[in-house]
Amino acid sequence: FLPFPACARRCPRPRGEGYVWRGLRPHSSLHAAPGAMLPFAATTTLALVHRWAPASALPAPRPPLTMAEHARFPTREAVLGASLPAIFSSTTEFKEAGREFRQDVYSYNDWRWHRESGHIASAISSVFTSGVGKAMWRETFFVIATAAAVYLYNIGVPVLAAKTAASLPIVAALLGRLPLLHLSLLPLTLSSPALFLLLVFRTNNSYDRWWEARKVWGGVINASRDLARQALALVRDAELKKLMVSQIASYARVLKYHLGPPTPEARDLLRNELVDNRLPADQVRVIMEAKHKPMALLGLVSASLHDSGRTGLDTVQASKLDQTLSLLTDYLGKCERIVKTPLPLVYTRHTARFLSWWLLFLPVCLYNQLRANWMIVPVSGLIGFFLVGIEDLGNQIEEPFSILPLTAMGTGIQQSIFEALDRSEGVAAGHAGSPGDDYVPYIKMSNNPNAFV
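Analysis parameters
Residues numbered from 1 in each chain as written. Predicted model: local features only at pLDDT ≥ 70, side-chain atom pairs only at ≥ 80, totals over all residues. Heavy atoms only, no water. Core = buried A, V, L, I, M, F, W, Y, C linked by side-chain atoms within 4.5 Å. Buried < 20%, exposed > 50% of the residue type's maximum accessible area, 1.4 Å probe, protein only. Helix = DSSP H or I, 4+ residues; strand = E, 2+ residues; numbered from the N terminus. Contact = heavy atoms within 4.5 Å. Axes fitted to C-alpha atoms, helices over the stretch in contact; angles between N-to-C directions. Left-handed = near helix turned anticlockwise from the far one by under 90°. Nonpolar A, V, L, I, M, F, W, Y, C, P; charged D, E, K, R; others polar. Phe/Tyr/Trp six-rings, centres within 6.5 Å; stacked < 30°, edge-to-face > 60°. Expected span 1.5 Å × (residues − 1). Parallel < 35°, antiparallel > 145°, perpendicular 65-115°, else oblique. Bend = angle between axes of the 7 residues up to and from the residue. Polar contact = N/O pair within 3.5 Å; in protein donor to acceptor, adjacent residues only side chain to side chain. pLDDT = per-residue confidence, 0-100.

A. Structural view of the nonpolar core. Counting 52 residues, the largest nonpolar core has Trp-217, Tyr-251, Leu-255, Leu-274, Leu-328 and Phe-401 as its most contacted members. Where this core is concerned, the elements lending two or more residues are helix 11 (186–234), helix 12 (238–259), helix 13 (264–276), helix 14 (281–289), helix 15 (293–305), helix 17 (315–340) and helix 20 (406–424). It is helix 12 that contributes the most residues to this core, 12 residues altogether. If sequence neighbours within four positions are ignored, Leu-274 has contacts with Ser-250, Val-254, Leu-279, Val-284, Ile-287 and Met-288. With 29 residues, the next largest nonpolar core counts Val-143, Val-364, Leu-366 and Phe-385 among its residues.

Structure follows, in structure tokens:
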């Protein structure tokens, strides 16, 4: 057998064709990787088996969450009103279903709520009833159960030894030799800075990914509106102008589909959105049949742009519009880089293992530090809840596209550029096919984000 570090270096991770983010958002950091809570020898054995096991014996990547799995939490109300037994039995499904309703879109009133006084006091009462609190009950229960086991063992062994001293002296002697589970705080004190540094680094890097994705989609919004503005001002053919606006409005919809799970429901939604964007049936068919749908759509926009006989653009004007089109291609590549490249798995898994063992020893080290020994149960549970919550926050925002309001952003692009098209044609608001009276600017949209807090 090889020494463990060398063995670990020799154990390549099986590589699949794609990256399944659902498999990287485990329902518990305490179950984040095989062997996370196993002793050293067992972990070494798993690594060796992983190294020489045939590919067919290795676990397959988990498929994306389907609508059938959403059946337990199909609506926003079902997620908000989910009971603890339902969450315990379907924690991953609860989290994945809730991501759809965490795509926060703020309006002026939401910012007023965000700044209102008393939010610290209200946060205390909502610790375990919030969305994060409900999702953390299983991990919190594990820490509480560990602390309760330590407490019951430490008080039970002496009591049992005293009760069996007269009738079973041999058993009493054996029980008397059993060590109690308590340590000084020194191990936790020495390891805490390293653990907290790992957690902070992980959360900060996950937030950077989320913010980068938001900036990229801000660029998609700006480039789409700018390309539509130039097309409306410069393209000569009226029908081609309408076609280009429809194509530009469809780009955000196609990119959203490209970055999400390719379920039949998402495919049907994309088709309906393309039709709603007034895209011709033949171009809808081209996009839906393409393997790489964003590139297929960009090809259609490029073909429309370089149809000089209908656009009436000179070389300089066509080049300017093509530069904006190149920006959309660049944003596509940036989104693919984010969604295909997670934080290094070795870093994520080691942080989860470190946290798991640290929480396992927490009640042992706290036992002699509290005046009332039973206090290790609630204290360990509360500390575990907040630390596991911090680790899980990094998991949840590391893949940002399923919690960013991409649908709302696409709707904002669609409504703004179609309103500009209708205005250029002299069509009044409310005309069939225009944004009309239901048009709400993106800046005024809201999804009532405080419901999940």
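Next comes the rest of the write-up.
B. Up close: the packing of helix 11 against helix 18 (residues 345–366). At a minimum axis distance of 10 Å, the contact between helix 11 and helix 18 shows a crossing angle of 145 degrees. Viewed along their axes, helix 11 and helix 18 form a crossing whose handedness is left-handed. Residue-level contacts link Leu-188, Ser-191, Ser-192, Ala-194, Leu-195, Phe-196, Leu-197, Leu-198, Leu-199, Phe-201 and Arg-202 of helix 11 to Tyr-347, Thr-348, His-350, Thr-351, Phe-354, Leu-355, Trp-358, Phe-361, Leu-362 and Cys-365 of helix 18. A class-by-class count of the residues in the contact of helix 11 with helix 18 yields 15 nonpolar, five polar and one charged.

C. Up close: the packing of aromatic side chains. Evaluation of the coordinates by the stated rule reveals six aromatic pairs. Summarising the aromatic geometry, the rings of Tyr-207 and Trp-210 are spaced 5.7 Å apart at their centres and angled 25 degrees between planes, so their arrangement reads as stacked. Of this pair, Tyr-207 and Trp-210 both sit in helix 11, three residues apart, which is roughly one turn of that helix. Ring pairing ties together the aromatic residues Tyr-207, Trp-210 and Trp-211, which thus form one cluster.

D. Main features of helix 20. A rise of 1.5 Å per residue sets the reference length of helix 20, with its 19 residues, at 27 Å; its end C-alpha atoms lie 27 Å apart and thus fit the reference within 8%. Just downstream of helix 20 lies Gly-426, where phi reads positive at about 75 degrees.

E. Geometry of the packing of helix 13 against helix 14. Interaxial distance between helix 13 and helix 14 falls to 10 Å at its minimum, and their mutual angle equals 155 degrees. On the basis of their axis angle, the class for helix 13 and helix 14 is roughly antiparallel. Between helix 13 and helix 14 lies a crossing whose hand is right-handed. Of the residues in helix 14, those in contact with Arg-267, Leu-270, Arg-271 and Leu-274 of helix 13 are Val-284, Ile-287, Met-288 and Glu-289.

F. Spotlight on helix 12. Over its 22 residues, helix 12 runs 33 Å from end to end, which matches the ideal 32 Å to within 8%, given 1.5 Å per residue. Of all the bends in helix 12, the greatest measures close to 30 degrees and is centred on Tyr-251. Within helix 12, 18 of the 22 residues are buried, which leaves the element mostly enclosed by the surrounding structure. Looking at where helix 12 begins, the residue whose side-chain oxygen comes 3.0 Å from the main-chain nitrogen of Glu-239 is Asp-237.

G. The confidence of the model for the chain, seen in detail. Scored by pLDDT, the chain has a mean of 80; 78% of the residues are at 70 or more. Mean pLDDT values over the elements of the chain span from 40, in helix 1 (residues 4–9), up to 96, in helix 14. Taken together, the stretch residues 1–20 has pLDDT below 50 and engages in 28 contacts with residues farther than four places along the chain or on a different chain. In this model, residues 26–59 is a region of pLDDT below 50 whose contacts with residues beyond four sequence positions or in other chains number 57 contacts.

H. Layout of unusual backbone geometry. Unusually for a residue other than glycine, Arg-278 sits at a positive phi of about 65 degrees. Residue position: Arg-278 is located in the loop between helix 13 and helix 14. Overall, the relative accessible area of 34% leaves Arg-278 in the partly exposed class.

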